[in-house]
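Here is how the chains run, residue by residue.
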Amino acid sequence: MAAASRNTVNGNQHRGFSVSSDDDMIDITTTGTVTERSIHYDDPGVSHFAADGDEIPGIGQYEDFHTIDWQRDIARDRMRHRYIVKRKQNSLFDLVKGAHDAWSGWVCVLLVGVTTGVFAGVIDIGASWMSDLKHGICPEAFWLNREQCCWSSNETTLSFDIGNCSQWLNWSEVLGQSREGAGAYIIGYLMYVAWALLFASLAAALVRMFAPYACGSGIPEIKTILSGFIIRGYLGKWTLIIKSVGLMLAVSAGLSLGKEGPMVHIACCIGNILSYLFPKYGRNEAKKREILSAAAAAGVSVAFGAPIGGVLFSLEEVSYYFPLKTLWRSFFCALVAAFVLHSINPFGNEHSVLFFVEYNNPWIFFELVPFVGLGIIGGVIAAIFIRANLYWCRYRKTSRLGQYPVTEVLVVTVVTAVIAYPNPYTRMSTSELIYLLFRKCGVTNMDLICDYNRNFTDVKSSIELAPAGPGVYEAMWLLVLALIFKLVLTVFTFGMKVPCGLFIPSLCFGAIIGRIVGVGMEQLAYNYPSIWLFSGECSTGKDCITPGLYSMVGAAAVLGGVTRMTVSLVVVMFELTGGVRYIVPLMAAAMASKWVGDALGSHGIYDAHINLNGYPFLDSKEEFAHTSLAADVMQPKRNETLSILTQDSMTVEDVETLMKETEHNGFPVIVSRESQYLVGFVLRRDLNLALAQARRAVEGLRPNSLVLFTSSSPQQPPEPSSPAPLVLKNILDMAPITITDQTPMETVVDMFRKLGLRQTLVTHNGRLLGVITKKDVLRYIKQLDNEDPNTVLFN
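This is a predicted model, so every value here is computed, not measured. (Residues numbered from 1 in each chain as written. Predicted model: local features only at pLDDT ≥ 70, side-chain atom pairs only at ≥ 80, totals over all residues. Heavy atoms only, no water.)

1. Remarks on the overall build of the protein
Scanning the protein from terminus to terminus reveals 28 helices and 16 strands. Taking all contacts inside the protein whose residues are at least 6 apart in sequence as the whole, residues at least 24 apart take part in 73%. (Helix = DSSP H or I, 4+ residues; strand = E, 2+ residues; numbered from the N terminus. Contact = heavy atoms within 4.5 Å.)

2. Concerning the state of the cysteines
Tallied over the entire structure, the rule returns 2 disulfides. A disulfide bridge connects Cys138 with Cys149, and the sulfur atoms are separated by 2.1 Å. The sign of the S-S torsion, about 75°, decides the handedness of the disulfide formed by Cys138 and Cys149: right-handed. With Cys138 in the loop between strand 6 (136-137) and helix 3 (146-151) and Cys149 in helix 3, the pair connects residues that are 11 residues apart, well separated along the chain. Here Cys138 matches Cys149 in class, with each residue buried. Between the sulfur atoms of Cys441 and its disulfide mate Cys450 the distance is 2.0 Å. One quick way to see it: the torsion about the S-S bond of Cys441 and Cys450 is about -80°, and its sign makes the bridge left-handed. Each member of the pair, Cys441 as well as Cys450, is classed as buried. (Disulfide = S-S within 2.5 Å. Buried < 20%, exposed > 50% of the residue type's maximum accessible area, 1.4 Å probe, protein only.)

3. Here we look at the nonpolar core
Ranked by internal contacts, the top residues of the largest apolar core, which has 153 residues, are Phe304, Tyr425, Phe438, Leu507 and Met573. The residues that make up this core include at least three from each of domain 1 (114-152 + 161-344) and domain 2 (365-613). In this structure, Tyr320, Val633, Ile739 and Val777 belong to the second largest nonpolar core, which totals 24 residues. (Core = buried A, V, L, I, M, F, W, Y, C linked by side-chain atoms within 4.5 Å. Domains from an automatic or database assignment.)

4. Remarks on the side chain of Thr710
By the element assignment, Thr710 lies in the loop between strand 12 (706-708) and strand 13 (726-727). The residues touching Thr710, leaving out its near neighbours within four places in the chain, are Gln647, Asp648, Val727 and Lys729.

5. Focus on the sheet that holds strand 10 (residues 666-670)
The strand order across the open sheet formed by 3 strands is 8-10-11, and the pairing between neighbours is mixed. The open sheet has two free edges, formed respectively by strand 8 (645-646) and strand 11 (678-683), since each of these has just one partner strand. (Pairing = 2+ DSSP bridges.)

6. A short note on the packing of aromatic side chains
Within this structure, the stated rule accounts for 20 aromatic pairs. An angle of 55° between the planes, with centres 5.1 Å apart, marks the rings of Tyr213 and Tyr234 as tilted. Taken together, the positions of Tyr213 in the loop between helix 6 (182-210) and helix 7 (219-226) and Tyr234 in the loop between helix 7 and helix 8 (237-252) put the pair 21 residues apart, joining distant regions of the chain. Given a relative accessible area of 29%, Tyr213 falls into the partly exposed group. For Tyr234, a relative accessible area of 3% corresponds to the buried category. Here the aromatic cluster, defined as three or more aromatic residues joined through ring pairs, consists of Tyr185, Tyr189, Tyr192 and Tyr421. The ring of Tyr421 has Arg427 lying over it, and the distance from NZ or CZ to the ring centre is 4.2 Å. (Phe/Tyr/Trp six-rings, centres within 6.5 Å; stacked < 30°, edge-to-face > 60°. Lys NZ or Arg CZ within 6 Å of the ring centre and 35° of its normal.)

7. Looking at the sheet that holds strand 14 (residues 738-740)
Spatial ordering of the open sheet is given by 14-15-16, a layout of 3 strands whose pairing is mixed. Every interior strand has two partners, whereas the edge strands, strand 14 and strand 16 (767-773), have only one. When the angles between neighbouring strand axes are averaged without regard to direction, this sheet yields 35°. Where strand 15 (residues 759-764) and strand 16 come together, 6 bridges link them in antiparallel fashion. Considered in strand 16, the bridge of Gln759 is made with Thr773. Sheet contacts for helix 27 (residues 745-755): strand 14, strand 15 and strand 16; angle to strand 16, the most-contacted strand, approximately 60°. (Axes fitted to C-alpha atoms, helices over the stretch in contact; angles between N-to-C directions.)

8. Quick look at the environment of Gly228
Mapping Gly228 onto the fold places it in the loop between helix 7 and helix 8. C-alpha separation for the pair Gly228 and Gly756, spaced 528 residues apart in sequence, amounts to 7.4 Å. In this view, Gly228 contacts His66, Thr67, Ile68, Trp70 and Arg289; residues no more than four positions away in its chain are not counted.

9. Remarks on the pairing of strand 10
A large share of strand 10 lies buried, amounting to 5 of its 5 residues. The two faces of strand 10 match: Gly666, Pro668 and Ile670 on one face and Phe667 and Val669 on the other face are all buried. The pairing of strand 8 with strand 10 spans 2 bridges and is classified as parallel. Paired with Thr646 across the two strands is Ile670, which belongs to strand 10. With 5 bridges connecting them, strand 10 and strand 11 associate as antiparallel partners. Paired with Val669 across the two strands is Gly680, which belongs to strand 11.

10. Topic: a nonpolar patch on the surface
Together, Leu110, Val114, Val118, Val122, Ile125 and Ile344 make up a nonpolar patch on the protein surface, roughly 410 Å² of accessible area in all. Broken down by element, the nonpolar patch gets its largest block of residues, 5 residues, from helix 2 (residues 92-133). A relative accessible area of 48% means that Val122 is categorised as partly exposed. (Patch = residues over 30% accessible without salt bridge, like charges linked within 9 Å, V, L, I, M, F, W, Y side chains within 5 Å. Areas by Shrake-Rupley, 256 points an atom, 1.4 Å probe, with all protein chains shown as cover. Salt bridge = Lys/Arg side-chain N within 4 Å of Asp/Glu carboxyl O.)

11. Things to note about the pattern of salt bridges
Using the criterion set out here, one finds 19 salt bridges in the structure. Where Asp101 meets Arg80, a salt bridge forms, and the shortest distance between an N and an O atom there is 2.5 Å. Taken together, the residues Asp101 in helix 2 and Arg80 in helix 1 (residues 70-87) connect sequence positions 21 residues apart. Its relative accessible area of 8% is what places Asp101 among the buried residues. Put simply, Lys259 and Glu260 hold a salt bridge, and the shortest N to O gap is 4.0 Å. It is possible to trace a salt-bridge network through shared partners that takes in Asp77, Arg80, Asp101, Lys287 and Glu290.

12. A closer look at the packing of helix 20 (residues 547-563) against helix 22 (residues 583-600)
Packing of helix 20 against helix 22 brings their axes to within 8 Å, and their N-to-C directions diverge by 30°. Judged on the interaxial angle alone, helix 22 and helix 20 are roughly parallel. Our pair here, helix 20 against helix 22, has a crossing hand that is right-handed. Contacts between helix 20 and helix 22 pair Met552, Val553, Ala556, Ala557, Gly560 and Gly561 from the former with Pro585, Leu586, Ala589 and Ser593 from the latter. Its residues assigned to classes, the contact of helix 20 with helix 22 shows 7 nonpolar, 3 polar and no charged. (Parallel < 35°, antiparallel > 145°, perpendicular 65-115°, else oblique. Left-handed = near helix turned anticlockwise from the far one by under 90°. Nonpolar A, V, L, I, M, F, W, Y, C, P; charged D, E, K, R; others polar.)

13. A short note on the side chain of Lys259
With respect to the helices, strands and loops of the structure, Lys259 is situated in the loop between helix 8 and helix 9 (260-275). In contact with Lys259, not counting residues within four places along its chain, are Ile123, Asp124, Leu247 and Val251.

14. Considerations on the environment of Cys538
Mapping Cys538 onto the fold places it in the loop between helix 19 (503-527) and helix 20. Residue classification places Cys538 among the buried residues on the basis of a relative accessible area of 1%. Taking the C-alpha atoms as reference points, Cys538 and Ala525, separated by 13 residues in sequence, lie 6.5 Å from one another. Other than its neighbours up to four places away in sequence, Cys538 contacts Ile364, Leu465, Ala525, Pro529 and Cys544.

15. Side note on the confidence of the model for the protein
Summarising the model, the protein shows a mean pLDDT of 82, and 85% of its residues fall at 70 or more. This model gives residues 1-24 a pLDDT under 50, and the stretch forms 93 contacts once residues within four places in sequence are excluded. Confidence over residues 156-162 falls short of pLDDT 50; this stretch has 8 contacts with residues more than four positions distant or in other chains. (pLDDT = per-residue confidence, 0-100.)

16. Remarks on the environment of Ala294
Position of Ala294 relative to the elements: it lies in helix 11 (residues 285-304). Through-space distance from the C-alpha of Ala294 to that of Cys333 is 6.1 Å; in sequence the pair is 39 residues apart. In contact with Ala294, not counting residues within four places along its chain, are Val109, Arg329, Ser330 and Cys333.

In structure tokens:
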């Protein structure tokens, strides 16, 4: 007998050919859909593990816009692991190989954390420099932003805060004009608009020409990918490069967007690219998603300087499959990323957080009422924003506007820059505005918002309650205008063809509302310090109300309403600001915001965009409350023809004809058309690859060659002139997930969610009736929700 051994490499059942003169059969062995449940090592028809042999390229992989089979991929990894453990005792090389396999996951997340921290530092520094470039330049060192340029100055912090640092030149001074006056204002206005247009046009052009997937936030797509969907190129190297550069440009253009959401996409791109250095993760889609979950945590960690919040964000918001091992690695990855970013120190201070708060006043029990009120307001504003943004995005997709993405970006940029410049609170970057709103008024803070009638006789003296001056009232009106402006512009900005996040704009909406409410409460305490509401805390005249705290709570409320985050939001907020003692107000606002948001709309912004784009995402948070059965959903319907393969009566030509006439991603294998008892399931892709390899490598293969999905010969002996049959048993999954036709759909949907199924076979008394795929489930749910079932994206 001339035979090539049947092998397994890295746990995959192996791919070689054997021609046996005993039974005159051509046997092509490969992995494909076999799970560990269907493998019996003593069965001569199943390959044993070996270390040699050539793999058939592509077997076990997935095509674009298809969902993965979690059960198969996890089983493949267990088989690979058992094989390595079994070989560890054979030699020193196998022992080292086993040790490498054990720590490769930790090394991978270490590299992801380091690389993510470096990318975040570069993006922060670049965005800060280009944002300040709209206002002026540092002639002595043009690569420094305004803050860094003024570090070398001996001038006071006061002059720096109001922008009078002599080291930094406004564009009017660069062009030979004075710093103040109408001419300086006009020159500054024109340069602001010109730089914004330049940055936005570059960002849109780069995205359109090199990486269309680099636009938007990326979190809806990341959630879909982590649920087991394949989007080729979405986490590739070009997307990483263009998203990073485009993000700096889009933020610097002054558009109403943030860089925090896209940082999750950038981190996942890094995780995807680095996972290919480790075949354990690069060749197994289910294992790769463990690295992507850790990368998502690192993305939030470097975006906000909140490593614990990043882990909880990955667990609560984006990850679909999150075992304890992934939790540990996510924590480690987020820690490394935060450490690297802190070492780079892009903010130029000792704090690794964006909006460090310096107040530590206790809050009064009654203040829970306005905190919950802020949560309700945040939920209402979030619901209005989500509906308006979805309406505009739907219009963009269905109208001619979607054909001109660059023009749309330029128009929105011009409108944003022209309206933003006159208002100082919209002219500054959104992060600076949030920091200003979070700050406590003191001696050195001379903004309009801190124009109180106070007499500071001693810098170190405590700040007391004081009446608001005219500057405070002017600031309130400007903030109201800024809120309306940013809310409207963000509706049109989020979803454009540039990298754009929603975390910072959402925080800004809430921070403005919170500051206004906080100033109102502060003036109430000043005018009526002895009323029972304040429990006597304000009767001594001390500063008992902190408007910055209200701003912080309001920011959490709106962000919670927009994203529907709860636990991770609270942790991100107190890590973001350092205000650990304000966890209870943040929790109250976050829960109120979520309840109100859920009452006004069932989805957060990311889930809403998943539905809008038709991504195949089964949300584990939703319940299936209908009383239908599997027979109502399965394909084909009753009295329709089922596309199947038989185990020993179809020829190569029959199989190829079936694949040409159908578009199914896989085929059930039955005993015979007369006896439709289920044998197993074979994927279309694996069948195609196996037939193509057999045509190249086997000379005796003919169109009338029998295709056998069993190790035994057919019952009737073949004629002497007939060609040798082709044995494809080893691409067959002999233990597919099956249900009966009377299984409630509630159970079926739960199986798809928790087991990560790609399809399940429907039987009745052991006989095959049909197939239910993930696409069938999604379409059925959309039909029940009175939505168009044809919007489901994948094949």
